[in-house]
Amino acid sequence: MVHYEQESMVCTFVLRDNDFEYIDKEKSFKLIWSLFKPMTTYKDNILLNLKDGGLIFTVKRNEVGDEEYYDLCNILKDKIG
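Residues numbered from 1 in each chain as written. Predicted model: local features only at pLDDT ≥ 70, side-chain atom pairs only at ≥ 80, totals over all residues. Heavy atoms only, no water.

1. Overview of helix α2 (residues 66-80)
Taking 1.5 Å as the rise per residue, α2 with 15 residues should run 21 Å; its terminal C-alpha atoms sit 21 Å apart, in good agreement. Those residues of α2 lying buried are Tyr69, Leu72, Cys73, Leu76 and Ile80. Seen from one end, α2 has its buried residues packed into an arc of 105°, which puts them on one side. Those residues of α2 that are exposed and angled more than 90 degrees off the buried face are Glu67 and Asp78. After α2 finishes, the residue Gly81 shows a positive phi value of roughly 90°. (Helix = DSSP H or I, 4+ residues; strand = E, 2+ residues; numbered from the N terminus. Expected span 1.5 Å × (residues − 1). Buried < 20%, exposed > 50% of the residue type's maximum accessible area, 1.4 Å probe, protein only. Arc of directions from axis to C-beta.)

2. What to know about the nonpolar core
Counting residues in each nonpolar core, the largest one holds 20 residues, and the members touching the most others are Phe20, Phe36, Met39, Ile46, Leu48, Phe57 and Leu76. With five residues, the single largest contributor to this core is α2. Setting aside residues no more than four positions away along its own chain, Phe36 makes contact with Phe20, Leu31, Leu48, Asn49, Leu50, Lys51, Phe57 and Ile80. (Core = buried A, V, L, I, M, F, W, Y, C linked by side-chain atoms within 4.5 Å. Contact = heavy atoms within 4.5 Å.)

3. Things to note about the pairing of strand β4 (residues 28-32)
Inspection of the sheet shows strand β3 (residues 19-23) paired to β4 by five bridges, in the antiparallel sense. Its bridge partner lying in β4, Phe20 is registered against Leu31. Connecting the antiparallel pair β3 and β4 is a turn made up of four residues. (Pairing = 2+ DSSP bridges.)

Have a look at this one:
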């Protein structure tokens, strides 16, 4: 689970074997891994894009810390490439 503040909004990502869940105070999404394109990184940011181009989720290294960022990269590479 990744939890951090983004522009004064608390966001939570939950990574499970079969799905990805995003939760903030306004909305929540639960998406199966096959809906995602392979993970990309850009300037210490993890970018999670849906295949249909509808949503993009971003995780910034400076918001989650180095260890959690690299752990997350490894998990996501395993899940979506």
